[in-house]
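Overview (structure and organization)
So the chains spell out like this:
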Amino acid sequence: MAILSVRHVSRAFEGLIALNDVSMEVEAETIVGVIGPNGAGKTTLFNLLTGFYRPTSGEIWFEGKRVDGLPLHRIAAAGISRTFQNIRLFSNMTAIENVLVGSHLHLSTNIATAILRLPFTVKQEKRAVQSAVETLRFVGLAGRENELAWNLAYGEQRRLEIARALAVRPRMLLLDEPTAGMNPGESVDMIRLIRALRDDLRMTVVLIEHQMRVVMGVCEYITVLDHGEKISEGRPEDVQKDQRVIEAYLGTGALLSEGAS
Amino acid sequence: MKIGKRALLLAAMLATLTMVLAACSSGTSSKDKTATAGAGGAKTPAAGATTAATKAATGAAGSITVKKGDKIKIGISTTLTTDNAELGIPIRDAALLAIKTKGTIKGFGIEGDPQDDGCAGPASVTAANKLIADGVVAVIGPMCSGGAVAALDPLSGANMLTVSASATNPSVTAQGKKNFFRTAWNDATQGAEMAKYAYTTLGKKNVVLVNDQSTYGKGLMDVFKASFTAAGGKVASEEAVTVGEKDFGPTVTKIKGESPDLVVFGGFIAEGAVLVRQLKDAGVTASFMGADGIADQKYIDQSGGAAEGSYVSRGPKPTDTKLYDAFAAAYKAEYKKDAGQFTEQATDATNIVLAAIEKVATVDGSGNLVIDRQKLIDAVAATSYAGASGQIDFDAKGDRKVVGAVNEIDQVKSGKLTRIQ
Amino acid sequence: MQEWIQLLIDGITIGGVYAVIALGYTLVYGVLRMINFAHGELFMMGAFTGYYTLNGFEKHSSLNDSVPVLTIAIAIVLGMVVAVTLALVMERIAYRPLRRAPRLAPLISAIGVSILLRNIMLRATNAQGKVYPKVFPRTAVEIGEIRLLYVQIFLIVLSFVFLGLLYLFIQRTKAGVAIRAVAEDRDTASLMGINVDRTIMTTFAVGAALAGAAGVVYGMFVTTATSGMGFIPGIKAFTAAVLGGIGSVPGAMAGGYFLGISEAISTKFFGAQYKDVVAFVLLVAVLIFRPWGLFGKREDKRA
């Protein structure tokens, strides 16, 4: 059964239609790619899924619950987490603090417990810190815990953003261009990490990506958007052959030349 | 965000400038608004500059007409907000009571028009312009000297009879405005008398002066200093407190370091009560002397006992207290509170104004009441009135003529102001 | 020398008050990028609550004499409760509807709330300053010429305690982490499961609780409550917050003490009439060379 179900969702901005009657289903524990030329409506879709925007029409269901229209923090609590195309870390906090903000939902410290340092609190805090350390190790940031976020290297910041998103303990992770700006070596590491998310953590991953090498290499299923409409979906090798997709990408050459970027 | 920071910087610079200006107690500007004229009032066109408003008002305001059925309006310019309202509200109440007691003049009802003058220049000018626009016949006030100096500009431009019960600074009458009178005493006398009492009677030789940076407080301390040093006394330092603050710790520490034998304060109750208490808390043993700005039971109450022994100068009470007692009883009956400082001067000011209106007002053919502004001022100038605050006659400058004792010195004994001279 | 120490103590006394109030400004600025100009009035309301509570005990019982610790504690707690309640109402009615409005709108709204509260209390008290009953003995510790009232020690210590608690709160609690996250990036914070509305309310409440408690203790120290008493400390605390770097918690604390002490020292040099001039010259100087304040962070660092 599908973990995520997008049903006839449209979104207009003062008459400009950014997304038009898009439907899609995402199976649990799959890695799904959303691709399309610039302005196709990919980020708009992410913003709808995470509650930044409300659909003008249509419904979004996650794990059998309707989530469109919910406040952002309720959607996060429901199990959807994301990263951003332009990294948005809490840059004045350390790496581990960023992750701890993510695990905020699962903490219960207040001023009284902070002062009294009850065994329960200490234990809970310890556990939160421990799990944050583990999360950081998982994304490959072991040893960088106490570095201020804005002192981290670009690739590391991307990884930290994923770690923070993981701390919310989501079932579905939305990654907005996870390899943007990365060199080939870094991209390979990122692909490995994305696979691990699904294989080790049994996460459902939806990602927006421009580098076709990444998309074709990691995604099991692809949805193609163009001008706000879904023009194709299916397994990578099928989508690649779809005439409409080729037309949409015509001129960019991106699809066939295996990610010339 | 860059703009935000820049705006903060700009705001800070402006604030600094304001503070510097305030600290130097510069004159007040009088840019203001003028509302449209009220019923029967002189039409004052909205004008950006006071001078323009002034000329227009003079031209149209030789006399004022109260239409049949309308009420005679008496403006009351006093402090109704901020901590100084504890002196200002009783002044308003005393004036309103006098108006209510009078009832009617030649069949016309009378009503008070109180405006908040903020005890300072700009707000007092605004209040004055509002009153001019409201078409009042006369103004009781402004309450504070600083406000009076500034507000007299538009008020005299409108040839508005203005009688203050509490503005005591010499500069107010020194301007020579013919429309202004006061039932309060000029601080030129009060300050000198205080200095004399401190030096000669109390035998104090080394004093610290503290003022509240108001025209009144600063002015009174200047007069005191001149007289005290002329007599041979020494002013160890001159300090200031900021109106509205409640912790004068550093000032008190500085005073303590001077080891004076007397601390003299020019200002009002709120700061006076706090200062005297903090001096005592800090272990300063010097005597404390204040003036009419704190000559009120509230000063003693708010000091939490520290006011005991303070010397307080004020205008002299008449030897025959019959009129004062009658007023105090009526005030208490009306407001369920004791009549405080300046209330007797306020009732006298109002009664003088009302009597003058009665004298000069005439009813014209269509039943309207006509009051000639110049005649009204002349009538007040010629007043000889026995009031709650004693005998009142005005000299050529509009100051109250001193009759008998020049001022009175009280001391706080067992929590009450008790006359000792 | 002793006079200097005394001046330093005077500066620390009022500086602590500025610091505690400044935290309210800086916290709210942090999450909303808005100056809550009615914050000083919460301090004033705290002082009045303290007066009414202690005066009530004085009139109807002998508890002020027998267990002053209890009555003072109750007064402080009530002062906090009243201030917090007011702050939440303020936020809901005067600020939240304007959250998407241009920045100037909530600022004007805040000034309106400030004037409103001041005048409500002016009316309620008929412009009469209220005098605290004598709960704290007005005796002092004396070391040579240096004199410290017990209530002053209480005020100084309590300021430290409040600052410590606040720091702990911000750094170590769930709500504190939420406030920091919202301050940095409101949208991302909510994606991390943080309820932004509730966090903003918490921020107002925490700032108000500090201001309310400070009002009670300051009221006991100066022994009076007047409707205008919140205004100047409010302005000074705002100055302290800007000085330290608005939005920065350690900055507000340091700014408060810095301002208090510099005021005390400039009183000695130039007289109290110029202490505000000195304070603002310092502010301008700091803003010219460090527009982000002493402890604030440059906002353009990532560029």
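Residues numbered from 1 in each chain as written. Chains lettered and ligands numbered in written order. Predicted model: local features only at pLDDT ≥ 70, side-chain atom pairs only at ≥ 80, totals over all residues. Heavy atoms only, no water.

Topic: the domain arrangement of chain A
Residue and element names in this part refer to chain A. Structurally, chain A comprises domain 1 (1-79 + 170-261) and domain 2 (90-169). Counting from both sides, the interface comprises 21 residues of domain 1 and, opposite them, 12 residues of domain 2. Both faces considered, domain 1 and domain 2 share a buried interface measuring about 1,300 Å² in area, 74% of it formed by carbon and sulfur atoms. The interface formed by domain 1 and domain 2 includes zero salt bridges. Linking domain 1 with domain 2 are one residue pair in polar contact (both at pLDDT 80 or more), by the criterion used here. When residues of the side of domain 1 that touches domain 2 are traced back to their parent elements, those giving at least two are α2 (72-78), β7 (172-176) and α7 (184-201). For the side of domain 1 that touches domain 2, a count of residues per class yields 14 nonpolar, one polar and six charged. (Domains from an automatic or database assignment. Contact = heavy atoms within 4.5 Å. Buried area = accessible area lost by both parts, 1.4 Å probe. Salt bridge = Lys/Arg side-chain N within 4 Å of Asp/Glu carboxyl O. Polar contact = N/O pair within 3.5 Å; in protein donor to acceptor, adjacent residues only side chain to side chain. Helix = DSSP H or I, 4+ residues; strand = E, 2+ residues; numbered from the N terminus. Nonpolar A, V, L, I, M, F, W, Y, C, P; charged D, E, K, R; others polar.)

A short note on the arrangement of the chains
With two pairs of chains in contact, the largest contact count belongs to chains B and C. Separated without contact, chain A and chain B have their nearest C-alpha atoms at a distance of 17 Å.

With respect to the state of the cysteines
Residues and elements named next belong to chain B. Scanning the model with the defined rule gives one disulfide over all chains in all. Paired by a disulfide, C119 and C144 hold their sulfur atoms 2.0 Å apart. Disulfide C119-C144: the torsion about the S-S bond is -95°, which places it as left-handed. Here C144 lies in the loop between β5 (138-140) and α5 (145-157) and C119 lies in the loop between β4 (108-116) and α4 (121-134), a separation of 25 residues in the sequence. Since its relative accessible area comes to 4%, C144 is described here as buried. (Disulfide = S-S within 2.5 Å. Buried < 20%, exposed > 50% of the residue type's maximum accessible area, 1.4 Å probe, protein only.)

A short note on the sheet that holds strand β1 (residues 63-66) of chain B
Pairing within the open sheet is antiparallel, and its three strands lie in the order β1-β14-β13 (chain B). Of all strands in the sheet, those bounded by a partner on one side alone are β1 and β13 (362-363) of chain B. (Pairing = 2+ DSSP bridges.)

As for the interface of chain C and chain B
Every contact between the two is made by 53 residues of chain C and, on the other side, 49 residues of chain B. When residues of chain C are sorted by the area they lose upon contact with chain B, I232, Q273 and F280 of chain C head the list and together hold 12% of the total. Inspection of the chain C/chain B interface yields two salt bridges. The salt bridge involving K236 of chain C is made with E245 of chain B; its shortest N-O contact spans 3.0 Å. For the pair chain C and chain B, the number of links is 16 residue pairs in polar contact (both at pLDDT 80 or more). Every element with two or more residues in the side of chain C that touches chain B is listed here: α1 (2-32), α5 (104-124), β3 (146-149), α9 (196-222), α10 (231-244), α11 (249-270) and α12 (275-289) of chain C.

Some details on unusual backbone geometry
All names here are of chain B. Of note, the amide linkage connecting G141 to P142 takes the cis form, showing an omega dihedral of -15°. Looking at the element boundaries, P142 is found in the loop between β5 and α5. A positive phi angle is found at K336, which is not glycine, with a value near 55°. Topologically, K336 is positioned in the loop between α12 (322-335) and α13 (343-360). You can call K336 exposed: its relative accessible area is 66%.

Structural notes on the environment of N64 of chain C
Residues and elements named next belong to chain C. Mapping N64 onto the fold places it in helix α3 (residues 63-66). Overall, the relative accessible area of 2% leaves N64 in the buried class. Setting aside chain neighbours within four positions, we find N64 in contact with L54, F57, E58, T71, P133 and V135. Among the polar contacts listed, one links the side chain of N64 to the side chain of E58, at a separation of 2.8 Å.

Focus on the packing of helix α4 (residues 68-95) of chain C against α5 of chain C
Residues and elements named next belong to chain C. One way to put it is that α4 packs onto α5 with a least axis distance of 10 Å and a crossing angle of 135°. As the angle between them shows, α4 and α5 are arranged oblique. Considering only the axes of α4 and α5, their crossing is right-handed. Counted together, L86, M90, A94 and Y95 of α4 and P106, S109, A110, V113 and L117 of α5 form the full contact between these two elements. (Axes fitted to C-alpha atoms, helices over the stretch in contact; angles between N-to-C directions. Parallel < 35°, antiparallel > 145°, perpendicular 65-115°, else oblique. Left-handed = near helix turned anticlockwise from the far one by under 90°.)

A few points about the pattern of salt bridges
Per the counting criterion, the structure on display carries 41 salt bridges over all chains. The partner of E161 of chain A in a salt bridge is R164 of chain A, and the shortest N-O contact between them spans 3.9 Å. Of this pair, E161 of chain A and R164 of chain A are both found in helix α6 (residues 154-167), three residues apart, which corresponds to roughly one turn of the helix. You'll find E161 of chain A and R164 of chain A in the same group, each marked buried. Sharing partners across several salt bridges, the network here consists of E245 of chain B together with K236, E263, K275 and D276 of chain C.

A look at the packing of helix α5 (residues 119-138) of chain A against α6 of chain A
All names here are of chain A. Following both chains from N to C, one finds α5 and α6 inclined at 140°, their axes separated by 9 Å at the closest point. In terms of their interaxial angle, α5 and α6 are classed as oblique. Crossing of α5 over α6 shows right-handed handedness. Of the residues in α6, those touching α5 at T135, L136 and F138 are L160, A163 and L166. Here the residues of the contact of α5 with α6 are counted per class, giving five nonpolar, one polar and no charged.

Quick notes on a nonpolar patch on the surface
There is a patch of nonpolar side chains on the surface, built from W4, F269, F270 and Y274 of chain C and spanning about 440 Å² of accessible area. Within the element layout of this structure, F270 of chain C appears in helix α11. (Patch = residues over 30% accessible without salt bridge, like charges linked within 9 Å, V, L, I, M, F, W, Y side chains within 5 Å. Areas by Shrake-Rupley, 256 points an atom, 1.4 Å probe, with all protein chains shown as cover.)

Let's talk about α6 of chain A
All names here are of chain A. Its 14 residues give α6 an end-to-end C-alpha distance of 20 Å, which sits within 8% of 20 Å, the value for a rise of 1.5 Å per residue. Of all 14 residues in α6, 13 are buried, a share of seventy percent or more. Just past α6, the residue R169 takes up positive phi, approximately 55°. (Expected span 1.5 Å × (residues − 1).)

Overview of the pairing of strand β8 (residues 206-211) of chain B
Residues and elements named next belong to chain B. The buried count for β8 comes to six of six residues, which makes it a mostly enclosed element. Of the two faces of β8, the one carrying N206, V208 and V210 and the one carrying V207, L209 and N211 are both buried. Bridge count for β8 against strand β9 (residues 234-240) is six bridges, and the pairing is parallel. Directly across from V208, in β9, lies its bridge partner S237. In the sheet, β8 pairs with strand β10 (residues 262-266) via five bridges, with the strands oriented parallel. Pairing of V210 across the sheet is with F265, part of β10.

Examining the pairing of strand β16 (residues 390-393) of chain B
Residues and elements named next belong to chain B. Summarising the sheet, strand β15 (residues 384-387) and β16 pair through four bridges and their orientation is antiparallel. In the strand pairing of β16, A386 is matched with Q391. Linkage of β15 to β16, two consecutive antiparallel strands, is achieved through a turn of two residues.

Some words on the sheet that holds strand β3 (residues 31-35) of chain A
All names here are of chain A. Spatial ordering of the open sheet is given by β6-β7-β8-β3-β9-β10, a layout of six strands whose pairing is mixed. One side of each edge strand has no neighbouring strand; the edge strands of this open sheet are β6 (80-82) and β10 (229-234). Neighbour-to-neighbour, the strand axes of this sheet turn through a mean angle of 20°, independent of strand direction. As defined by bridge partners, β3 adjoins strand β9 (residues 221-226) across four bridges and the pair is classed as parallel. Residue pairing for β9: G33 is matched across the bridge by I222. Most of the contacts of α6 go to β7, to which it runs at about 155°, and overall it touches β6 and β7.

Some details on the nonpolar core
Core analysis: the largest hydrophobic core is formed by 103 residues, its most contacted members being V101 of chain A together with L23, F43, Y95, L166, Y218 and M229 of chain C. If you tally residues by element for this core, the top one is α9 of chain C, at 17 residues. In this view, Y95 of chain C contacts M34, N36, A38, M90, P106, S109, A110, V113 and F204 of chain C; residues no more than four positions away in its chain are not counted. Counting residues in each nonpolar core, the second largest holds 61 residues, with V210, Y299, Y311 and F342 of chain B among its members. (Core = buried A, V, L, I, M, F, W, Y, C linked by side-chain atoms within 4.5 Å.)

Some details on the side chain of E91 of chain C
Mapped onto the fold, E91 of chain C is located in helix α4. Those residues in contact with E91 of chain C that lie beyond four places of it in its chain are R96, P97, R99, I200, M201 and F204 of chain C.

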